[in-house]
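A structural walkthrough
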Amino acid sequence: MATGSGTTEQTAPVRRDRTHWLYIAVIVAVILGIVVGFVFPDFAVGLKWLGTAFVGLIRMLIAPVIFCTIVLGIGAIRKAASVGRIGGLALAYFLVMSTVALTIGLIVGNLLHPGEGLQISEALRGQGADLASTAEEGGGTTEFLIGLIPTTLLSALTEGSVLQALLVALLVGFAIQSMGPAGEPLLRGVGYLQKLVFRILAMVMWAAPIGAFGAIAAVVGETGLDALKSLGMLMLAFYITCAVFVFGILGLILWTVAKVNVFALLKYLAREFLLILATSSSETALPRLIAKMEHAGVSQPVAGIVVPTGYSFNLDGTAIYLTMASLFIAEALGDPLSISEQIGLLVFMIIASKGAAGVTGAGLATLAGGLSAHRPELLDGVGLIVGIDRFMSEARALTNFAGNAIATVLVATWTHELDREQLSAALSGRSPFDEARMIDDHADVRAPDDERDAVARPQ
């Protein structure tokens, strides 16, 4: 654009999102894996190592993903809580609803048993048995507690113990928090480390088609049609569970508290849902959600605090996915989780699910982390999920987005920061959202400066 001095302003080229090619590649790989599994079953079983190798790459990144996201999550809690009742109320709500979502995932998984009957053989378990034997070297409760303590502060990130990494992350996070403003440079440093880890994770995810091909081919080669039925049942159950959670539980809460029809609210956000469906990421709609919430009568402070914080802490769809996928893997490998193990997994996921708020693949890393911490012998079962993970990512992203939109209206209602007349006009269509103004005023809407580093990219 020409300026008064005759110079021309250079704008940075827009980077194209190429992740849709990865999505297509995974679909093609899954189809090829199914064909190979049916046509050449013996050969297909021998391809299991491709899925095992991919799971190994994911496992390599579990500890740093957990460490970075938990440390930044604790920093985000302090910052969000510092803005007063809005941040504190939002965080309390997010914690409760994440726990509810995780619990629902466990309940549905226990009712349907989608992986039951597959009985994957030992030949397809790869390194899981080795991990299990290592985990069982320790004895009872005393040995378990002592095993939580790493040899050094950094060894927790290099020796592969997820629980040790979690302990160190909590200690580091609260230590930085206690330092006040002096800890900000350290928090920013962890933020840069997280970006590096997620960049590596994004690179690893380009190997997902190969891993998915090998895993699906091996499973179909051994179990035939049973594998496809089980995977299809898992996807269908997950979609239905997400829909019931949004329209049933969240919709009921929204109507009870704010007297707002959930269908009207989601219809108002229809364009954003289409955007998320096309990209499999709710991050793409973050600026628009803030702008539309303000247009619908939510005050600017509430929209500016709740939406970015929710993108890190209110991942309802991801929470449901983590628990249902864990139960599916345990059932498919013929080694179901006991009730006590499910409760332990639930507690772990309440904390570690905040680590799923990252680039594509962070959900898989968190799932692998939960299994590694509780049942290491099930870790190789993550390869079963790789083939359908991309098919489930849209439902996760849509559920996460809907949950954040509803949370914003609820918090605005509780804090009396909601203009009822403006909300009614926006939802009824009497006051349509101005797209042109959105481009001008919200082209670079981001989280507030004190929260920006804490907001990761949910899948």
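Note: the structure precedes this text.
Predicted model only: the values in this text are computed from it and were never measured.

1. Examining the environment of Ser230
For Ser230, the position within the fold is in helix H11 (residues 225-258). For the pair Ser230 and Phe328, spaced 98 residues apart in sequence, the C-alpha to C-alpha distance is 8.7 Å.

2. Here's the deal with a nonpolar patch on the surface
There is a patch of nonpolar side chains on the surface, built from Ile31, Val35, Phe38, Val39, Phe40, Phe43 and Leu225 and spanning about 700 Å² of accessible area. A total of four residues in the nonpolar patch trace back to one element, the largest contributor, which is helix H1 (residues 19-39). Residue position: Val35 is located in helix H1. Judged by relative accessible area, which is 44%, Val35 ranks as partly exposed.

3. Some remarks on unusual backbone geometry
Trans peptide bonds make up most of the peptide bonds, and negative phi angles are found at most residues other than glycine. In the Ramachandran plot, Lys259 falls in the positive-phi region, its phi being about 55 degrees despite a non-glycine side chain. Structurally, the position occupied by Lys259 is in the loop between H11 and helix H12 (262-268). According to the relative accessible area criterion, Lys259 is exposed, its value standing at 52%. Even without being a glycine, His416 presents a positive backbone phi close to 60 degrees. Mapped onto the fold, His416 is located in the loop between helix H19 (382-414) and helix H20 (420-428).

4. Looking at helix H14 (residues 286-295)
Counting buried residues along H14, eight of its ten residues qualify, which places the element largely inside the surrounding structure. Every buried residue belonging to H14 is among Leu286, Arg288, Leu289, Ile290, Ala291, Lys292, Met293 and His295, and all of these are buried. Phi for Gly297, located one or two positions after H14, is positive at around 105 degrees.

5. Structural notes on the packing of aromatic side chains
With the rule as written, the count across this model stands at six aromatic pairs. With a centroid separation of 6.2 Å and an interplanar angle of 70 degrees, the aromatic rings of Phe238 and Tyr321 are classed as edge-to-face. Placement of the pair is Phe238 in helix H11 and Tyr321 in helix H16 (residues 316-332), with a sequence separation of 83 residues. On the basis of relative accessible area, Phe238 is assigned to the buried category, the value being 0%. Ring plane angle 85 degrees and centroid distance 5.2 Å describe the contact between Phe273 and Phe401, whose orientation is recorded as edge-to-face. A residue pair is termed long-range when its members are at least 10 positions apart, and Phe273 in helix H13 (residues 270-279) and Phe401 in helix H19 qualify at 128 residues.

Conventions we followed
- Counting from 1, residues in each chain are numbered in the order their sequence is written.
- Only residues with pLDDT of at least 70 get local features here, since the model is predicted, and only at 80 or more are side-chain atom pairs given and counted; chain-wide, interface and lining totals rely on the full set of residues.
- The basis for every side-chain value is the complete set of non-hydrogen atoms in the structure, without hydrogens or water.
- A run of H or I in DSSP becomes a helix once it reaches four residues, and a run of E becomes a strand once it reaches two; helices and strands are each numbered from the N terminus.
- Patch definition: residues above 30% relative accessible area lacking any salt bridge, with like charges linked at up to 9 Å and the nonpolar side chains Val, Leu, Ile, Met, Phe, Trp and Tyr linked at up to 5 Å.
- For every accessible area listed, the method is Shrake-Rupley and the probe measures 1.4 Å; residues are considered covered only by the protein chains on display.
- Each reported salt bridge corresponds to a side-chain nitrogen of Lys or Arg within 4 Å of a carboxyl oxygen of Asp or Glu.
- Exposed residues in this analysis have more than 50% of their type's maximum accessible area, buried residues have under 20%, and partly exposed residues fall in between, with area computed by a 1.4 Å probe over protein chains only.
- Pairing of aromatic side chains requires ring centres within 6.5 Å, counting the rings of Phe and Tyr and the six-membered ring of Trp. Pairs whose planes differ by under 30 degrees are stacked, by over 60 edge-to-face, and all others tilted.

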